[in-house]
Amino acid sequence: MRVSITSRITVGVDAIAMRDHFGGVVVSVFGLVSERWKRLSEPEDLPGWTTCWVLSADDDEKRAQVPLMHRIYGEAEEVLIWLGPAADQKHGVDGVYPDTPLREFMIQITDGFPVAPWIQPVARLFARPWWHRVWVMQEVILAKRAIIHCGDVAVAWSDVERVIEMFSYPDACNGLDVMALALQICQHAHLRRLHIDYLGRYRDWLPGLTWEELLGITCEWPFMPEATDERDRIYGLMGLLLEEDRVNVPVDYSSESTVARIAFDVSCVVIGRTGPRCMIYCNDARPRPSGLPTWAPNWYSCQSGNFRAWNDVYDAAKGTTWTPRLLSMSFANPKLKLMGILVGHIGKTLTKDARSSSDSKPTLQSFQSWESDLASTLRKTADAGCTGAAASFCGRLWWLAIMGTPSSGRWPVTDFERRQLLAAYEVFVGIRQPPDSLDIDKRHDWYEEESAFFRKALKFDKYRPFVTSNGYPGLGQASVQVDDRVAISQGCSVPFTIRQQEDGDCHLNGPSYVLGVMDGEAMENGPDFQEIVLV
C-alpha cells in the first residue's frame, strides 16, 4: 500500500517540531515526483498517519514544487495547520484552559458579546507568525477540510472564519482597548474574503481565479503577506489560479528572475487579455520594484486605494473596446503601444491637503479652502481665454470632491443618490439650514445626520487637484506635475496622467478623475486617436 496525495497533510511554522508533535516524517513536497518519495512511500518508512510538508530551499526543487501546490492541498482529504506549541502549557493556548476545547471556545465567542477576557487570548492567537505567511492562503482555501492546531487543542477553519467575521465589525466592541484587539483580528478578514471569492468563481465546475481577479483582490488587502523570497509574494498565490492562468507565468527562481521581471510577465498576460483597465493599479501609493515599466502594476504592493471599483463605476472610453492580443515586448525594451486621445495638458496643480492620512476625515474648513482655490484657478483659466468651459465647472466642484460616487464607490451613482448627495452637500456648506422650529440643542445632530451622506463620500483630500490648460479640473496622484498630459486609452475606464520623455515615449503616472470626461464625453463626435507609447 502506497501513501497517496490524498493523505492528511500537515503544514506549519516549524517542520521539525511538527514531526515530533504529530509523529510524522518530514519530506519535501518535491518528493511527490522524485525517487526520494518512492523510497519513503512504503508504510514502514512512514511512522504515523500524517506527513509534514516543507517547501524546499533549493531553487530547482522549488521550481518544481510551486506548480504542484494546488494539487497537494486541493486533493488532500485533510490539511492540519500547526501554529506552534501553547505559550504556556499550564494555561492552555494563550490563555485558553486545557479543559476547554478550542472549538468550543471559538463558538462561545461567536455566540456572546466580545469583552476583553475573551478577546485578549484570541488576539494573541492571531498574532502568531503563521497568519502573515503568503503560503497560508493556499493551505486554508484549497483544503477540503482544514484544522488549526495550537498546542494540544484544535479547531476547524470554518470556526476560525466565524471569529474573523465577528471581529470584522470592531465598532461593536465596547472600549478602546477591546476595539484595538478586534482590529488586530479583523485585519485577517482578507483570508475569508479571498476564500469566498475563490469559491464563488466556478468555471466549468472548477474553482479558480484569473490573474486580474486575484491581483485586484490582493491590492486591497490591509497588508501584503510575508515571504522570505520576495518573488513568493506572487508565486505563493499561484495555486489559487485557473490552470490556463497558472501556466502563463512560469515559475523561475534563477538570478535572472527578479521581482520586477515577474510583475512584468504577469502584467503582459493581464493587459494583453483585458487591455489597459488593470493600469488603474499603477499609482504612487507604494514604492515600485527597480526596473519595472511604469505601465506595469506593482503586484507586490497593497492598500493601493479603492481602484478595483473604478472599472465598474466609470466609462471614460465609452464606445471603444480592446482586442485581446499577445504582448510580445521584451523586459529589456518594454514599450507598450496604445491608441488613445489627449484630453489636455496640466496647466496648474494645487497643494494636496496636508491632512490626507488614511485615518483623517475632511473638515468643512479644509473642503471650503480646497473648493475656493480650485474655483479661483478655473476662473483665471476662463479669463485667460483658454476655454469658456472652465467657469462652468465651478458649480460642480462638489461632485469632483466625491469623485462622482457615494462612500462605497463600487457602483455608478443613481439619480436618486445624486439628489441625496446634493442635498447633503447643501447642508454641509450651510446653503440649507435646519428648520426654525427645531430646538437649538438638536441642531448639531440634525446637521450631522443630514450632511452625513456627502461627508462620508468625500475623497478630495486623498489626491492632488489640478486644472488642465483647456479648463478641465481633476484629481490625480501625488506625483502629478505641470505639463503632464491627461490621456484616455481605448478600452480603458478612466483617464491617466502621463509624462512625455525626450524621445517622445511616455511614463505613466497613474489613474485620475477628471470632471467632464468620466462618462465618455470625450469620445463623442468621433475624436482623433493617436498612438501613445508607454515605457
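Note that the coordinates shown come from a computational prediction; the quantities given were computed from them, not determined experimentally. (Residues numbered from 1 in each chain as written. Predicted model: local features only at pLDDT ≥ 70, side-chain atom pairs only at ≥ 80, totals over all residues. Heavy atoms only, no water.)

Asks: What is the right way to look at the environment of His 70 in this model?
Replies: Assignment of secondary structure puts His 70 in helix α4 (residues 69-75). In this structure His 70 comes out as partly exposed when scored by relative accessible area, which is 21%. C-alpha of His 70 to C-alpha of Leu 242: the two residues are 172 residues apart in sequence and 9.9 Å apart in space. Among all residues touching His 70, those that are not within four sequence positions of it are Glu 75, Leu 142, Gly 239, Glu 243 and Arg 246. Of note is the side chain of His 70, whose polar atom sits 3.0 Å from the backbone oxygen of Pro 67. (Helix = DSSP H or I, 4+ residues; strand = E, 2+ residues; numbered from the N terminus. Buried < 20%, exposed > 50% of the residue type's maximum accessible area, 1.4 Å probe, protein only. Contact = heavy atoms within 4.5 Å. Polar contact = N/O pair within 3.5 Å; in protein donor to acceptor, adjacent residues only side chain to side chain.)

Asks: Where do I start with unusual backbone geometry in this structure?
Replies: The phi torsion of most residues other than glycine is negative, and most of the peptide bonds are trans. One non-glycine residue, Met 403, adopts positive backbone phi at about 55°. With respect to the secondary-structure elements, Met 403 resides in the loop between α18 (397-401) and α19 (415-428).

Asks: Quick question: what am I supposed to make of helix α11 (residues 211-218) here?
Replies: Turn by turn, an α-helix covers 3.6 residues, leaving residues three or four places apart pointing in a common direction. The buried count for α11 comes to seven of eight residues, which makes it a mostly enclosed element. Every buried residue of α11 is accounted for by Trp 211, Glu 213, Leu 214, Leu 215, Gly 216, Ile 217 and Thr 218. Next to the buried residues of α11 lie α10 (189-199), α12 (232-235), α13 (243-246) and α14 (259-274).

Asks: Looking at this structure, how should I read the pairing of strand β12 (residues 506-511)?
Replies: Consecutive side chains of a regular strand alternate in pointing toward one face of the sheet and then the other. Extensive coverage of β12 is indicated by the burial of five of its six residues. Relative to β12, strand β11 (residues 496-500) is paired through five bridges, and the arrangement is antiparallel. Residue pairing in the sheet places Gln 500 in a bridge with Cys 506 of β12. (Pairing = 2+ DSSP bridges.)

Asks: Looking at this structure, I do not really get a negative patch on the surface. What am I missing?
Replies: A grouping of Asp 315, Asp 519, Glu 521 and Glu 524 is seen on the molecular surface, where their side chains present a negatively charged patch. Note on placement: Asp 315 falls in the loop between α15 (310-313) and β7 (336-349). (Patch = residues over 30% accessible without salt bridge, like charges linked within 9 Å, V, L, I, M, F, W, Y side chains within 5 Å. Areas by Shrake-Rupley, 256 points an atom, 1.4 Å probe, with all protein chains shown as cover. Salt bridge = Lys/Arg side-chain N within 4 Å of Asp/Glu carboxyl O. Lys, Arg positive; Asp, Glu negative; His and termini not counted. Charge placed at Lys NZ, Arg CZ, Asp CG, Glu CD.)

Asks: Hey, could you run me through the pattern of salt bridges in this one?
Replies: Opposite charge on two side chains permits them to pair, given that their charged atoms come into close proximity. Scanning the model with the defined rule gives 17 salt bridges in all. Here Lys 144 ties to Glu 77 by a salt bridge, and the two come within 3.7 Å at their closest N and O atoms. In this pair, Lys 144 sits in the loop between α7 (136-141) and β5 (146-150) while Glu 77 sits in the loop between α4 and β4 (79-82), placing the two residues 67 residues apart along the sequence. Judged by its relative accessible area of 52%, Lys 144 is exposed. The residue Asp 265 makes a salt bridge to Arg 261 at a minimum N-O spacing of 3.3 Å. Here Asp 265 and its partner Arg 261 are both found in helix α14, four residues apart, which amounts to about one turn of the helix. Its relative accessible area of 34% is what places Arg 261 among the partly exposed residues. Salt bridges sharing common partners tie together Glu 212, Asp 245 and Arg 273.

Asks: Looking at this structure, I do not really get the packing of aromatic side chains. What am I missing?
Replies: How two aromatic rings sit relative to each other is set out by the distance from centre to centre and by the angle between their planes. Following the criterion strictly, the structure yields 21 aromatic pairs and no others. Three or more aromatic residues joined by ring pairs form one cluster here, namely Phe 367, Trp 370, Trp 398, Trp 399, Tyr 425, Phe 428, Phe 454 and Phe 460. Taking the ring centre of Trp 322 as reference, the NZ or CZ of Arg 325 above it sits at 3.7 Å. Across the ring face of Trp 399, the terminal group of Arg 418 is positioned such that the distance to the ring centre comes to 4.1 Å. (Phe/Tyr/Trp six-rings, centres within 6.5 Å; stacked < 30°, edge-to-face > 60°. Lys NZ or Arg CZ within 6 Å of the ring centre and 35° of its normal.)

Asks: What exactly am I supposed to notice about the nonpolar core here?
Replies: Note that soluble globular proteins tend to have their nonpolar side chains buried in a common cluster. Residues Trp 211, Met 279, Trp 295 and Leu 534 are the most contacted members of the largest nonpolar core, which totals 130 residues. In terms of residues, this core owes the most to one element, α14, which gives nine residues. Once you skip the residues sitting within four places of it in the chain, Trp 211 turns out to touch Ile 234, Met 238, Leu 241, Asp 245, Val 249, Val 266, Val 269, Val 270 and Arg 273. (Core = buried A, V, L, I, M, F, W, Y, C linked by side-chain atoms within 4.5 Å.)

Asks: Explain the environment of Leu 534 here, please?
Replies: On the secondary structure map, Leu 534 appears in strand β14 (residues 530-534). Judged by relative accessible area, Leu 534 falls into the buried class, the value being 3%. The spatial distance from the C-alpha of Leu 534 to the C-alpha of Cys 506 is 4.8 Å, given a sequence separation of 28 residues. Not counting residues within four places of it along the chain, the set of residues in contact with Leu 534 comprises Met 279, Trp 295, Pro 334, Lys 335, Leu 336, Leu 338, Ile 498, Cys 506 and Leu 508.

Asks: What should I look at first to understand the side chain of Ser 489 in this one?
Replies: With respect to the secondary-structure elements, Ser 489 resides in strand β10 (residues 485-489). The exposure class of Ser 489 is buried, given its relative accessible area of 6%. Apart from residues lying up to four places away in sequence, Ser 489 is in contact with Pro 276, Ala 317, Leu 338, Met 339 and Gly 340.

Asks: Just checking my understanding: could you explain the pairing of strand β9 (residues 473-476) for this structure?
Replies: Both faces of β9 are covered, namely the face carrying Pro 473 and Leu 475 and the face carrying Gly 474 and Gly 476. Judged from the four bridges that link them, strand β8 (residues 464-468) and β9 form a sheet pairing that is antiparallel. Within β9, the position partnered with Pro 465 by the bridge is Leu 475. Between β8 and β9, which pair antiparallel and follow one another directly, the connecting turn spans four residues, one of which, Gly 471, has a positive phi of 95°. With two bridges connecting them, β9 and strand β13 (residues 513-514) associate as antiparallel partners.

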